Amino acid sequence: MVLTKLLSGRSRTYRPGFFARLFPAGKWRLTLDPKLSGHLRLAQDSEVELSCLDIVSISTSKAILWHTVEIRARGRTDTLSALSGDAAAQLVADLHAFINTHLFGLIGTEREHLLDVDDRLRKITEDNGQYLAQADLGRAIASVSGAAAAALSHPLLDPNLMPPGLKASLPASFVMITDPAVRHAYNEAFVRSELQKFQTFFDDLDRRSLSDQQREACIRLEDNNLLVASAGSGKSATMVGKVAYVLEKQLYRPDEILLLAFNKSAADELKTRIASQLQVAESALECRVTTFHALGRGIIEAVEGRPPQLANWVDHPGGETRVFEAIIHSLVKSDPEFARLWSDLLVVHPKADIPVEVFDAQADYRRYVSDSLRKGKATIGSLSGVIVKSLQEQKIANWLWLHSVSFEYERQIAVVDDDGTVRHLHPDFYYPQTETVHEHFALNADGTSPFADYALHADKKRQAYRRKEIDFFETTSAEASNETLLSTLESELAQRSMPFDRKSYAEITKAIDPVVIKHYHQLISTCLKHIRASHLTLEMLLERAKTLHDKERAKLYARVVWMIAGEYSRKLEETRRIDFDSMIADAVRLVETGRYRSPYALILVDEFQDISEPRANLIKALKQQKAFSKVFAVGDDWQSIYRFAGSDITIFTQFEANFGTSWQGRLEQTYRCNQLIAETAAKFVQRNPDQIKKSVRSTRPAISRSIRVIPIDERGKLDFGVACRRLLERLDAALGGIATLWRNEARDKLKVLVLWRYNTLDPFEGKPPSFANIEVSGLSFHRAKGLEADYTVLLDVSEGNYGVPSRIEDDELLNLVIPRPETFAYAEERRLFYVALTRASRGVYMISNRRQPSRYIRELCEIASDEVRFETIDGTALSQCPACLVGQLVERRDNNGGVFRACNQFPDCKQVEPVAADRRVLSRSPHSL
């Protein structure tokens, strides 16, 4: 994946290294030759020459296996893949230098046109009438004829590369082009002036007075703009203000403005608010306000004369899932190889085997591997009903169950040492049919172990089995790492003539936890979007699988998802239909090839944190087809929670690398959460260093103790539904007692959102209860995005597969298809919890499993200290453990009858305190024991 640069005189030819050329994506060759009169020669499927003047952008991105350089020219887009990061960066630099050398030559040879350009530049800068982006200068210069003007207005012109002699020979007005600092100073002065000139305009816009940051964002008009917003900071109002401002300034015609949203309701709301601000009927609004899907459909219809035929399942909730289920069912029946692979995946590989050293702490590893935690120990179940001690042992036990091999786990066997001492060993597996003992040792390939004295104990076991002449074989962790564990197991059992009777698919699906199947369905849905969008091949998936921890599982899954992807594509072809992803891709091709001519000079994108690669490509294609057009993207990377739908957060966080030189602004004032919630949530989400930094300020003062934790454990039973109803009753009664403080003509009830990670936790079964003082609604964390309430109640903020953070959502298999996987643990789960936290203005209640509180509760306590209150469901304060922060100190008695207080999170927390006689009554609470 390196870059080979072949030099021939002053001509340079580039191509990937030898290994990379074995892949289809690596079969290209690029030649930069000054003798080609300002052209690049590119050989891929065929050989073409690209004019330097026609190239509008060059960018690099990280693909699945390598980096890619993208060259966008008028009428075509070429990708040069199979490069290392350094090689891609070097190629981009060399391309920029080559193109600029040509541009400088054109400028230097057409000096007679430079005076015309000078005249045009003076006219647009002297009246201080508009913000000046590079594109604005380019548009003015492009109205002058000649090659010099074309070079000066070229989007890739880099003044930093211009020879000093040429720069010194240009007219004085050209300093606006050649010195970015001059243009920057001009724009800073312009923004200050404009803020004063349009103060009244912004004081009453979209029925509110915009903040200083919102006003600046409306005025700034660089070629590419990213507004990084906070939750509840007025993103939509800023977009309305942007449209109103540019129309007021007559910088664009209404039909040149495109606003893109991710769903119809968001698009409809923007359309309504813009029409209201402009005082026109929605039907008369000339700005285009639409979704990506509707835009793609419109582009295809405009070119082909008819709308695309969408598959009949794309508009139905759960329709895509049902299609995948049908495809899997069909493949199981028709393809024995698929049936075997799919069954192995479900039964033997429900979870990735990730080494303990990957985790920050032993406790994190125990949480990951366990089905549940009992007395601080991880419990790992198997399909045979046996509780085993590791994921590798689970893999063995499930394989044995799948093949109907009878075994006993840790059967006691008496052995005699050399000195006559009788010891009792408990081998991992015992096969009664052949009286065989099987030990699975945690040993590396060199015979060492991560556990002290483990290798010595393993050797003593071997010797004991030999002395007693017990039929014995072993497997090791090293075999799990090199993918030979199961083949070794099968071989050893076959040598002993052990019969294998593989269970039927019906038996398998009956025994498997439905959530495991659902999890794989969701993984497949996500991966298919990336496979189709990035044109991935099976070879690429298998190559990427080598980089994952559980390589065997990854390779197995790669083959399964590839076979499903093939059937899905065939289903679309047979019905002559397309899905939404195909529609966006088809629209991109029509724009890139020039068959569709874009009328849009200003493109605004809402909720940009949800952007996917196909949608980003559509924006790029529209922008780069129409010369001097601009992009204004608004979003919050802290609220990027749709990776399963194909979104790629790095398109947001690396905005300039994806779209070119840009201005980046902030919206840091929130109108929703009180300052305590806003500040605590902001510090929580920014513990991931890859999130863009913001300092959040609220218009609402802090409300002390407005973050509350309610641990529940009703005599060993966890019923979040019952706890939720009791809390709502208490909240309703409390608010009724102070109704005079909040009830007015506009507010008869306060709003409460009950939120959960998974819909299986819905305590209302779709029918929220009615109360006198509160209006209750219930939603998942995902569906609550964009909503707000006075109070929120978060259910099951506990550790676990389906708790917070959800462990099943961070499956490493996603890294097979995501070009730039996040390295911070549970990065998206952290953002999702941030979304849930920031729905409330007055207070957040978190109901958690008292025995397994979420790690996120501890983090909130670390951040907000005593402002996080622990209480019972009835509101009685609980004694919070000062050591672990999430436990409660409860009274215990020692063997002598003495009273002390200990943390209920033992053994993870061993905090102990004496209890003074006069404090014993105070420390008690209904749920302390």
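These notes cover the structure that comes with them. (Residues numbered from 1 in each chain as written. Predicted model: local features only at pLDDT ≥ 70, side-chain atom pairs only at ≥ 80, totals over all residues. Heavy atoms only, no water.)

**A closer look at the overall build of the protein chain**
Here is step 1 of the chain: From N to C terminus, the protein chain includes 33 helices and 34 strands.
Here is step 2 of the chain: Taking 30 Å as the expected radius of gyration for a compact globule of 929 residues, we find that the protein chain reaches 32 Å, a close match to that expectation.
Here is step 3 of the chain: Each principal axis of the C-alpha distribution contributes one length, and for the protein chain these read about 105 × 80 × 55 Å.
Here is step 4 of the chain: Within the protein chain, buried positions represent 55% of all 929 residues. (Helix = DSSP H or I, 4+ residues; strand = E, 2+ residues; numbered from the N terminus. Rg over C-alpha atoms; globule rule 2.2 N^0.38 Å. Buried < 20%, exposed > 50% of the residue type's maximum accessible area, 1.4 Å probe, protein only.)

**With respect to the side chain of Asp344**
Here is step 1 of the chain: Note that Asp344 resides in helix 14 (residues 336-348).
Here is step 2 of the chain: For Asp344, the residues in contact, after removing those within four places along its chain, are His349, Leu402, Arg502 and Leu556. (Contact = heavy atoms within 4.5 Å.)

**As for the pairing of strand 32 (residues 889-893)**
Here is step 1 of the chain: Alignment of strand 32 against strand 33 (residues 899-903), held across five bridges, turns out to be antiparallel. Residue pairing for strand 33: Glu891 is matched across the bridge by Arg901.
Here is step 2 of the chain: In textbook terms, the turn of a hairpin is the stretch between consecutive antiparallel strands, and for strand 32 and strand 33 this stretch comprises five residues, one of which, Gly897, has a positive phi near 85 degrees. (Pairing = 2+ DSSP bridges.)

**Quick notes on the pairing of strand 26 (residues 707-712)**
Here is step 1 of the chain: Taken across its six residues, strand 26 has five buried, putting it largely inside the fold.
Here is step 2 of the chain: Sheet topology note: the strand 26/strand 30 (residues 840-849) ladder contains six bridges and is parallel. Paired with Ile710 across the strands is Ile847, a residue of strand 30.
Here is step 3 of the chain: As defined by bridge partners, strand 26 adjoins strand 31 (residues 868-870) across three bridges and the pair is classed as parallel. Across the sheet, Val709 pairs through a bridge with Phe870, a residue of strand 31.

**A few points about the packing of aromatic side chains**
Here is step 1 of the chain: Per the counting criterion, the structure on display carries 28 aromatic pairs.
Here is step 2 of the chain: Judged by centre distance (5.5 Å) and plane angle (50 degrees), the rings of Phe324 and Tyr568 are tilted. Highlighted residues: Phe324 in helix 13 (residues 319-334) and Tyr568 in helix 23 (residues 551-575), separated in sequence by 244 residues.
Here is step 3 of the chain: The class of Phe324 is buried, set by a relative accessible area of 3%. (Phe/Tyr/Trp six-rings, centres within 6.5 Å; stacked < 30°, edge-to-face > 60°.)

**Notes on unusual backbone geometry**
Here is step 1 of the chain: In the segment running from Val804 into Pro805, the intervening peptide bond is cis, with an omega of -5 degrees.
Here is step 2 of the chain: As for its placement among the helices and strands, Pro805 is situated in the loop between strand 29 (789-794) and helix 31 (827-837).
Here is step 3 of the chain: For the bond from Phe906 to Pro907, the omega torsion is 10 degrees, close enough to zero to count as cis.
Here is step 4 of the chain: With respect to the secondary-structure elements, Pro907 resides in the loop between strand 33 and strand 34 (912-914).
Here is step 5 of the chain: Here the phi dihedral of Asp206 falls at roughly 55 degrees; this positive angle occurs in a residue that is not glycine.
Here is step 6 of the chain: As for its placement among the helices and strands, Asp206 is situated in the loop between helix 8 (199-203) and helix 9 (212-219).
Here is step 7 of the chain: Although it is not a glycine, Arg576 sits at a positive phi angle of roughly 55 degrees.
Here is step 8 of the chain: With respect to the secondary-structure elements, Arg576 resides in the loop between helix 23 and helix 24 (580-592).

**Overview of helix 13**
Here is step 1 of the chain: With 16 residues, helix 13 extends 23 Å between its outermost C-alpha atoms, agreeing within 8% with the 22 Å of an ideal straight helix rising 1.5 Å per residue.
Here is step 2 of the chain: Close packing links the buried residues of helix 13 with helix 14, helix 20 (505-511), helix 21 (514-533) and helix 23. (Expected span 1.5 Å × (residues − 1).)

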